[in-house]
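Structural overview for review
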Amino acid sequence: MMKFRFRRQGNDPQREKIKQDLFAFNKTVEHGFPNQPSALAYDPKLQLMAIGTKSGAIKVYGSPGVEFTGLHKDTATVTQMHFLHGQGRILSLLDDNTLHLWEIGQREQCSSLEEVCSFTIPCRTVIESTSATRVTVLLPKLSCDLLAVGTEGGGVHFLELPSLTLLDKSLFQDEIMQSVPDEYKCGKSLGPVESLQEHPQHPDKILIGYSRGLVVLWDLQTRHVDNLFLGKQQLESLVWERSGNSFVSSHSDGGYMVWSVSSSTPCTNEPVSSTITYGPFPCKAVNKILWRTAESGAPLVLFSGGMPRASYGDRHCLTILQDSQHVTLDFTSRVIDFFTVHCTDAHSEFDDPSALVVLLEEELVVIDLQTAGWPTIPAPYLAPLHSSAITCSYHISNVPTKLWERVVGAGQQQGSLQTHTNWPICGGKNLAPDPKQQELMLTGHEDGTVRFWDASGVSLRPLYKLSTANIFQTDCDHNDSLTQAGEEEWPPFRKVGCFDPYSDDPRLGIQKICLCKYSGKLVVAGTAGQVIVLYLSDEKSDHMIDVATVDLLQDREGFTWKGHDRLPPKSGSVVFAPGFQPVVLVQCMPPAAVTAVTLHAEWNLIAFGTSHGFGLFDYHRRSPVLARCTLHPNDSLAMEGPLSRVKSLKKSLRQSFRRIRKSRVSGKKRVLVSSPSSKVQEANAHLAEQDAEVTPVQRRIEPRSADDSLSGVVRCLCFADTFLRDGTHHGPTMWAGTNSGSVYAYALDVPLQEKFSEQSVEALLGKEIQLMHRAPVVSIAVLDGRGNPLPEPYEVSRDLAKAPDMQGSHSVLIASEEQFKVFMLPKVSAKTKFKLTAHEGCRVRKVALVNFSSVASEDYSENGLVCLTNLGDIHVFSIPALRPQVRHDCIRKEDISGIASCVFTKTGQGFYLISPSEYERFSLSARVITEPLCQVEFDRPHDSSETSFCTTVPPQANGAHKTPSSGESRSAGEAEGVFDEVSPLSSSALDSPNSSADLTLDTTGELTVEDVKDFLVTVDEAENNLRNMTEEDGRPSGILIN
């Protein structure tokens, strides 16, 4: 008889209130290093740093825990950024030639970085196709009331701040050329404006540097050229000496020049000195230079680039010079920008720089300039998670204090080349309470390292780095000796930073991690079938590693491994530093990548699985307990391995066509009643006949073929003390789930603790379950008599958790890619299930058991099953009833790597990669939320022009008009005083630029004769046209806000 389930009418209000107190979805903070940084800014008054990215994001950082994020409306690269010092305002320039003003503001008791207004340099259609008005450099005056804008055409425009109103005082090249000697003109343009610098002693004077090499000291009040410096080399950057008596220019030939500024010499032909540090051979351009005076002696010169083109043209370097000291910082990624933290007090005689901050393409490096040797300062945030590509991650909640201190201590001994000077970027105040518990995030990497991170708060802080490469024979030692030999030569290179994307051997890659937080035992498994057991030690050690081999094929005939070889272990003793030290290496054969691993420290057992089978190993006695092959006879693809080059395209195409043909024929062919697929077809037929009122509507699920490739892959493993043999005697068990929907349950005979050395562990197959649709088994968990997950090893014996209910009948929760099912133990009879794929049309990718605490009461909590699907949404179900609770969209379904990298915590939070270098942190719990809570104090002077911004927009080239944004008008009350910023960020700031859909705008149009004529207009004519337009039209200021 067919069973119908009818809709429940309405919801229980009391239950809905409980759910509101338990569940709430929030994306809270982004950990790691911003992807593709493109600009850097620093506010010495507020001690805040800002980083802009190619996706249009702006991220502001202060002391650890102080973070703000903003996102431009258009996905465009942030090319330049500048703080308005002390005002909590940021100017940004995008590569679409638009200027944007941002403010740290307060709205509805929470703060965000909000865009206030934007601006575009106006131009006529006649010169639209030229780059004359393209902005090349910005200079906000220290008084924060005027912005100088240099352009590609050599003009300098001036905007009123903070309203971004164009003033009628633009400076064009022909006005400058009137003061230039005839012999210097030579009929050539001065080129784009490369640099603008405000005079340190006379704020009304600015230094203007043109690409051709001419430098002009311009008086804004008198509109007069005070000094001319006739440089003959292409200019790259300028910097003032603090007194204003001289300045330094850097050039494209790899050199820099020091120029003297004197009112008695209005025209200077030659510099005081000219230096090409790495000459005499051709050198690359010095992109940026800083000149900082020091009370201790000679000035400090810092510049990027300038390396010999032929020998070291591919190096990414920054040079520090002071007297005889000379260091060439050698980075592994491109230098984006840099600044120094120094004294900015106008009454001080010296700069006395304390730190150098360098933004690289892949990391942030800070150098201590006050300590001898200029060591690096460890960063409390912005750590490059992807220093080697992340291959797996593992989270541990509620870390015991003893383990935490030992890991931190081991990490501190590793930082020998680092100084413990206070972090120099210390603006704002972190208001977040101290975390109630310590959390560890472990990331496995392609180079065989495991990195430990403090994930307790807003900042993901590096604690300790474990390397597994030193126990294998690789080419690392040879490469290191070559590097050291090269470092003794000229230039004096010093490798700085930890970003190193190159792996000596891809087989070293870490695939799985498991840590027992109570015993300090760690299991790390890799790409070449290596499973390493490590103990935590506080002392240095020199010992041999025991090696054991486990054959997972069990002498099966007809299988030949065609993949990579195993990693050869080192013979003899190996020296290990304090921290996690390897004691046992278990090598799976064939050496395929390990797909699952688990550890039970109380029983001294580890279980591991590959695409060929699974094994059980007693690491106390150093002996294998069990090996089981899970390969299907047709599973030849599993023998090739991920690094094999012998995969046949013809074979894979043939298999695909066979599956398609089989699925077509199966609908027509009559099958035997006894086969599992016939039962599925009968069920599908019943579903098709059911009335529309029956809910929920279920999709038809086709059974998977038993001979699908990689069906033997072991997806999950777990240990549990439960009832397997009968309902009265419980004992240790091990469970394994495979890609073909098979579940194996073994009863283990584990000796008492005092007899571990005398007796061996024995394993006996107790149950074998085959899921009907053969969907891959994602997770297995055993629940006690109350329906709660079993505690971890040592939790009960050390009174750290409540003892499980061993009186009532236990159950096992098996999560496959298609459904969740609870079986009663020991009979393995189905109790309840939820068909996720049939109901929702998605497949399970990640599963975790989570404890949700209520906001209303500390004593009330519920256990839930959290599931991430292939569509990127997250579902929460009650256990053991499997009733749906909430559903949230979390990750874009196109973001496959983000979905694959997701990891859940036991308290209702989660992490996933939004780029190779960034984790997005989110919370499903209404109680447990890790988010920025911070305060920034600043003085923002009252400005009457702020109260009414004019939003008239000049017509665009195609006749379209941009709609002014709602953020372009503000109340006068926000323009003055001290603001307290309390974050979480606004919803717009929380949407990561890396998580948003890619937008491709088609700007292609038809090429006309007029376009060609426009393009042929010279740069000088373009600037003259712009000047004439400003003068003749007499446009009032304030109508050009864009």
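Preceding block: the structure.
Criteria and cut-off values
- Residues numbered from 1 in each chain as written.
- Predicted model: local features only at pLDDT ≥ 70, side-chain atom pairs only at ≥ 80, totals over all residues.
- Heavy atoms only, no water.
- Helix = DSSP H or I, 4+ residues; strand = E, 2+ residues; numbered from the N terminus.
- Buried < 20%, exposed > 50% of the residue type's maximum accessible area, 1.4 Å probe, protein only.
- Contact = heavy atoms within 4.5 Å.
- Pairing = 2+ DSSP bridges.
- Axes fitted to C-alpha atoms, helices over the stretch in contact; angles between N-to-C directions.
- Salt bridge = Lys/Arg side-chain N within 4 Å of Asp/Glu carboxyl O.
- Polar contact = N/O pair within 3.5 Å; in protein donor to acceptor, adjacent residues only side chain to side chain.
- Arc of directions from axis to C-beta.
- 1 Å grid on protein atoms, 1.4 Å probe; cavity = no way out; pocket = protein on both sides within 12 Å on 5 of 7 lines; lining within 4 Å.
- Points joined across faces, edges and corners; volume = space filled by probe spheres on them.
- Phe/Tyr/Trp six-rings, centres within 6.5 Å; stacked < 30°, edge-to-face > 60°.
- Expected span 1.5 Å × (residues − 1).

1. A look at the overall build of the chain
Scanning the chain for helices and strands turns up 13 helices and 62 strands. In the chain, which comprises 1042 residues, the proportion classed as buried is 54%. Counting only contacts in the chain whose residues sit at least 6 apart along the sequence, the fraction spanning at least 24 positions is 61%.

2. With respect to the sheet that holds strand S48 (residues 731-738)
The strand order across the open sheet built from four strands is S47-S48-S49-S50, with neighbouring strands paired in antiparallel fashion. Every other strand in the sheet has two partners, leaving strand S47 (714-722) and strand S50 (762-770) as the edge strands with one partner each. Averaged over all adjacent pairs, the angle separating strand axes in this sheet is 20 degrees, with direction ignored. Bridging between strand S49 (residues 742-749) and S50 involves eight bridges; their strand directions are antiparallel. If you follow Tyr744 over to S50, its bridge partner there is Glu768.

3. Some thoughts on the sheet that holds strand S53 (residues 819-824)
As a general point, the strands of a sheet are linked pairwise by backbone hydrogen bonds and lie either parallel or antiparallel. Spatial ordering of the open sheet is given by S51-S52-S53-S54, a layout of four strands whose pairing is antiparallel. Each end of this open sheet is capped by a strand with a single partner; those strands are strand S51 (777-783) and strand S54 (829-835). In this sheet, neighbouring strand axes are inclined to one another by 15 degrees on average, regardless of whether the strands run parallel or antiparallel. Here five bridges tie strand S52 (residues 811-816) to S53, and the two strands are oriented antiparallel to one another. Each bridged residue has a counterpart across the sheet, and for Val812 the counterpart in S53 is Phe823.

4. Brief notes about the pattern of salt bridges
With the rule as written, the count across this model stands at 32 salt bridges. Of the charged contacts in the structure, one is a salt bridge between Glu862 and Arg15, with a shortest N-O distance of 2.7 Å. A residue pair is termed long-range when its members are at least 10 positions apart, and Glu862 in strand S56 (residues 861-869) and Arg15 in helix H1 (residues 13-22) qualify at 847 residues. When its relative accessible area of 23% is taken as the criterion, Arg15 is described as partly exposed. Residues Lys19 and Glu16 are paired through a salt bridge, measuring 3.4 Å at the closest nitrogen-oxygen approach.

5. A look at unusual backbone geometry
Note the cis peptide between Leu161 and Pro162, where omega equals 5 degrees. Turning to its location among the elements, Pro162 is positioned in the loop between strand S12 (156-160) and strand S13 (165-166). Along the chain, Met589 connects to Pro590 via a cis peptide bond; the corresponding omega equals 0 degrees. Looking at the element boundaries, Pro590 is found in the loop between strand S42 (579-589) and strand S43 (596-600). Although it is not a glycine, Asn97 adopts a positive phi angle of roughly 70 degrees. The residue Asn97 is located in the loop between strand S7 (89-94) and strand S8 (98-107) in this model.

6. Brief notes about the side chain of Glu115
Relative to the assigned elements, Glu115 resides in strand S9 (residues 110-120). Overall, the relative accessible area of 14% leaves Glu115 in the buried class. Side chain to side chain, Glu115 and His100 meet in a polar contact 2.7 Å long.

7. Let's talk about H1
Regarding H1, the residues found buried are Lys19, Asp21 and Leu22. In an axial view of H1, the angular spread of the buried residues amounts to 160 degrees, which keeps them on one side of the axis. Away from its buried face, by an angle of more than 90 degrees, H1 presents the exposed residues Pro13 and Gln20. On its buried side, H1 packs onto strand S1 (23-32), strand S55 (844-853), S56, strand S58 (884-889) and strand S61 (918-925).

8. Points about empty space enclosed by the protein
As enumerated under the stated definition, the model contains four cavities of 30 Å³ or more in all. Broken down by element, the lining of the second largest cavity gets its largest block of residues, three residues, from S1.

9. A look at the pairing of strand S10 (residues 135-140)
When you tally the buried positions in S10, you get five out of six residues, the bulk of the element. Two strands pair when backbone bridges link them, and S10 and strand S11 (residues 146-151) are joined in this way by five bridges, in the antiparallel orientation. Pairing of Leu138 across the sheet is with Val149, part of S11. What sits between the antiparallel neighbours S10 and S11 is a turn of five residues, in which Cys144 has the positive phi angle 65 degrees.

10. A short note on the side chain of Thr610
Structurally, Thr610 can be placed in the loop between strand S44 (605-609) and strand S45 (613-618). Look past the residues within four positions of Thr610 in its chain and what remains in contact with it is Leu552, Cys588, Ala592, Ala593, Val594, Thr595, Gly712, Val713 and Val714.

11. Focus: the environment of Ala601
You can see Ala601 is positioned in the loop between S43 and S44. For Ala601, a relative accessible area of 1% translates into the label buried. Linking Ala601 and Ser519, residues 82 residues apart in sequence, is a C-alpha distance of 6.8 Å. Among all residues touching Ala601, those that are not within four sequence positions of it are Cys516, Ser519, Lys521, Tyr619, Pro793 and Tyr794.

12. Re the packing of aromatic side chains
In the structure shown here, the tally under the stated rule is 25 aromatic pairs. Plain terms: the ring middles of Phe834 and Phe877 are 4.9 Å apart, the flat faces sit at 55 degrees to each other, and that makes the pair tilted. Residue Phe834 is found in strand S54, and its partner Phe877 is found in strand S57 (residues 873-878); the two are separated by 43 residues along the sequence. Comparing Phe834 with Phe877 shows no difference in burial state: the two are buried.

13. Some thoughts on helix H5 (residues 401-414)
Here H5 spans 20 Å end to end across 14 residues, near enough to the 20 Å set by a 1.5 Å rise per residue. Leu403, Trp404, Val407, Val408, Ala410 and Gly411 are the residues of H5 that are buried. The arc enclosing the buried residues of H5, seen along the axis, measures out at 160 degrees, which places them on a common side. What points out from H5, more than 90 degrees from its buried face, is the exposed set Thr401, Lys402, Glu405, Gln412 and Gln413. Buried residues belonging to H5 abut strand S32 (440-445), strand S33 (449-454), strand S34 (461-467), strand S36 (510-516), strand S38 (530-537) and S42.

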